[in-house]
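Results of the structural survey
So you can see what is in the structure, the chains are spelled out below.
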Amino acid sequence: MSLRKLLVDVHTHLYLPRYASVLRSRSNAPRILTRNSPSGQSEDRLLILDDEPSGGRPVGPQYWDRDEKLKFMDQHGIDISFVSSANPWLDFLPFPEAQELAQQLNADLESYCSGGPSVVSAVELKRLYGFGLLPLVPGAPSEALSEAVSQLARQHPHIRGIIISTQGVGEGLDDPALEPLWASLAETGLVVFLHPHYGVSAQAWGTRDNGHVLPLALGFPFETTTAITRLILAGVLDRHPNLRLLLAHSGGALPQLSSRLASCIEHDPVLAGRLAHDARWYLGRMWFDAVAYGAAELGFVSETVGRASGCGQGGGTADVRRGRKEGASRMLFGTDHPFFPPLGEAGKWRSVVENLEAIERVDQWSEEDKEGVRGRNALTLFGLSP
Ligand code: 5CU
């Protein structure tokens, strides 16, 4: 098989066994608890959100067992996965514990990836790579974070990025205290996968029982939208143009709101003149997972990102075509496994099939663009392209 055809999943999670043990030792969220199911059997339940509905959700080997990850990959034709710890990472720990656990989990993740199989058609490629963790919690000293970044880059060749939440060291991603961190991340080239956990105020969801739908479908992407917008407004990408940011869930609402954002900036006495570029330009500097479940949405994001990169601004046919290619080259297939399991039916997961079908159906994308989104763009971003 040619490398062009590899299917690469950049949004797939795990809880490493060491992390699952920490969750088991806790008595409040985030935690794993064991209880008796209605049929009297003992079952593990995962509670990661403070107001998790129905006493949490089932959790099992699909969250920590490498063979289960590989089985899932085989079932869906996924050649390579870039696995990341699932939320809430180390956010709930005090700095010294977070620092020690981050080092241990990064070493565990390196073994998880390096001890796994290679791609049969390309033995120089492993099937598993990872996003590591930083002790990015309140009280973390800047130097310790920068040192953790260089350690990761030096010691763990299969860890190609880090996953971070929106909280930073407690003040969000526009916190000046994070400047040295952005500088070291830009220097190492590690990809920064920005992923939500906190959502937005639960008051917005009202009192009707809508299960987990509103915080997950809306709260998660709104959180990402706000966090990345604050980072842009703080000028982080002006000062660190080599920072490589990958946004979960196709960047949330940022693509839809980017022109409104640009206009608000231009009309605001505090913001006007602060940034080096029009707000839309920054979209063209980032990468977006293709975890949006719909072709129209993927097409819209890539078109907006392509125009942001400047290529599609001219309006001529060639400009529009170049912009489209550029936009598509910044989008990458993902599954969100082991979240979104089917509710009952066996076989392939609907959530995965939907994301693959969405890529297939984007009208604006050529076959080459689609192959890029399915795999080639990830290999390029993570430095695995020959
Ligand atoms: O279903 C969920 O709550 C989640 C989650 O917590 N994290 C994630 O990455 N996807 C779905």
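Here is a short report on the structure shown in this document. All of these numbers come straight from a predicted model, not from anything done at the bench.

A count of helical and extended segments in the protein chain gives 12 helices and 13 strands. Taking 386 residues into account, the globule formula puts the C-alpha radius of gyration at 21 Å, and the protein chain, at 20 Å, falls close to it. Its C-alpha atoms put the protein chain at 65 × 50 × 50 Å along the principal axes. Going through the 386 residues of the protein chain one by one, you find that 53% of them count as buried.

Here we come to the site of the ligand. The environment of the ligand is formed by His13, Ile48, Arg57, Asn87, His195, His212, Leu216, Phe220, Asp336 and Phe339. Within the side chain of His195, one N or O atom sits 3.0 Å away from an oxygen atom of the ligand. With the chains in place, 97% of the 280 Å² that the ligand exposes on its own is no longer accessible. A class-by-class count of the residues in the shell around the ligand yields four nonpolar, four polar and two charged.

Our next topic: the pairing of strand E2 (residues 31–36). Every other side chain in a regular strand lies on the same face of the sheet, so the side chains alternate between the two faces. In this sheet, strand E3 (residues 42–47) lies alongside E2 in antiparallel orientation, the contact comprising six bridges. Considered in E3, the bridge of Leu33 is made with Arg45. Between the antiparallel neighbours E2 and E3 lie five residues, among them Gly40 with a positive phi of about 90 degrees.

Okay, the pattern of salt bridges next. A full pass over the atoms with the stated rule returns 20 salt bridges. In this structure, the salt-bridge partner of Glu68 is Lys71, at a minimum N-O distance of 3.1 Å. Of this pair, Glu68 and Lys71 both sit in helix H2 (residues 66–75), three residues apart, which is roughly one turn of the helix. For Arg239, the salt bridge goes to Glu179, with nearest N and O atoms at 2.9 Å. You can see Arg239 sitting in helix H7 (residues 236–239) and its partner Glu179 sitting in helix H5 (residues 179–188), a full 60 residues away along the chain. Members of the salt-bridge network, linked through shared partners, are Glu360, Glu367, Lys370 and Arg374.

Our next topic: the packing of aromatic side chains. On inspection of all chains with the given rule, the structure shows 11 aromatic pairs. Here Phe131 and Phe382 contribute two aromatic rings whose centre-to-centre distance is 5.6 Å and whose plane-to-plane angle is 80 degrees, an arrangement assigned as edge-to-face. Of this pair, Phe131 sits in strand E8 (residues 128–132) while Phe382 is found in the segment after helix H12 (367–381), placing the two residues 251 residues apart along the sequence. When sorted by exposure, Phe131 lands in the same class as Phe382, which is buried. Site record: aromatic cluster; members linked through ring pairs are Tyr15, Tyr19, Tyr63, Phe92 and Phe339. Above the plane of the ring of Trp287 lies Arg330, whose end atom (NZ or CZ) is 4.2 Å from the centre.

This part is about the nonpolar core. Counting 113 residues, the largest nonpolar core has Ile80, Phe82, Leu90, Trp182, Leu185 and Met286 as the members making the most contacts within it. Non-local contacts of Phe82, meaning those with residues more than four positions away in its chain, are made with Val8, Asp9, Val10, Thr12, Tyr129, Phe131, Arg160, Phe382 and Leu384.

Let us now look at the environment of Gly139. Checked against the element boundaries, Gly139 lands in the loop between E8 and helix H4 (142–155). For Gly139, a relative accessible area of 62% gives the class exposed. Residues Gly139 and Val59, 80 residues apart in the sequence, show an inter-C-alpha distance of 31 Å.

Taken together, the side chains of Val200, Leu218 and Phe222 make up a nonpolar region of the molecular surface, amounting to roughly 210 Å² of accessible area. A relative accessible area of 37% places Phe222 in the partly exposed class.

What follows is about the sheet that holds strand E1 (residues 8–14). As summarised here, the arrangement of the eight strands in space is E1-E5-E8-E9-E10-E11-E12-E13, forming an open sheet in which the pairing is parallel. Where the open sheet ends on each side, the last strands, each with one partner, are E1 and strand E13 (331–332). Across five bridges, E1 lies against strand E5 (residues 80–85) in parallel orientation. Each bridged residue has a counterpart across the sheet, and for Thr12 the counterpart in E5 is Val83.

Now for the environment of Glu371. By secondary structure assignment, the location of Glu371 is in helix H12. In sequence terms Glu371 and Ser21 are 350 residues apart; their C-alpha atoms lie 39 Å from each other. Looking at Glu371, its side chain comes within polar contact range of the side chain of Lys5, at 3.0 Å.

Mapping Ser146 onto the fold places it in helix H4. The exposure class assigned to Ser146 is buried, which follows from its relative accessible area of 16%. Contact partners of Ser146, with chain neighbours within four places excluded, come to Pro180, Leu181 and Ser184.

To continue, consider the environment of Pro88. Its place among the elements puts Pro88 in the loop between E5 and helix H3 (95–114). Residues Pro88 and Tyr198 lie 110 residues apart in sequence; the distance between their C-alpha atoms is 8.6 Å. Beyond its immediate stretch of four places on either side in the chain, Pro88 contacts Tyr19, Pro30, Ile48 and His197.

Scoring rules and cut-offs
- Residues numbered from 1 in each chain as written.
- Predicted model: local features only at pLDDT ≥ 70, side-chain atom pairs only at ≥ 80, totals over all residues.
- Heavy atoms only, no water.
- Helix = DSSP H or I, 4+ residues; strand = E, 2+ residues; numbered from the N terminus.
- Rg over C-alpha atoms; globule rule 2.2 N^0.38 Å.
- Buried < 20%, exposed > 50% of the residue type's maximum accessible area, 1.4 Å probe, protein only.
- Near = heavy atom within 4 Å.
- Polar contact = N/O pair within 3.5 Å; in protein donor to acceptor, adjacent residues only side chain to side chain.
- Areas by Shrake-Rupley, 256 points an atom, 1.4 Å probe, with all protein chains shown as cover.
- Nonpolar A, V, L, I, M, F, W, Y, C, P; charged D, E, K, R; others polar.
- Pairing = 2+ DSSP bridges.
- Salt bridge = Lys/Arg side-chain N within 4 Å of Asp/Glu carboxyl O.
- Phe/Tyr/Trp six-rings, centres within 6.5 Å; stacked < 30°, edge-to-face > 60°.
- Lys NZ or Arg CZ within 6 Å of the ring centre and 35° of its normal.
- Core = buried A, V, L, I, M, F, W, Y, C linked by side-chain atoms within 4.5 Å.
- Contact = heavy atoms within 4.5 Å.
- Patch = residues over 30% accessible without salt bridge, like charges linked within 9 Å, V, L, I, M, F, W, Y side chains within 5 Å.

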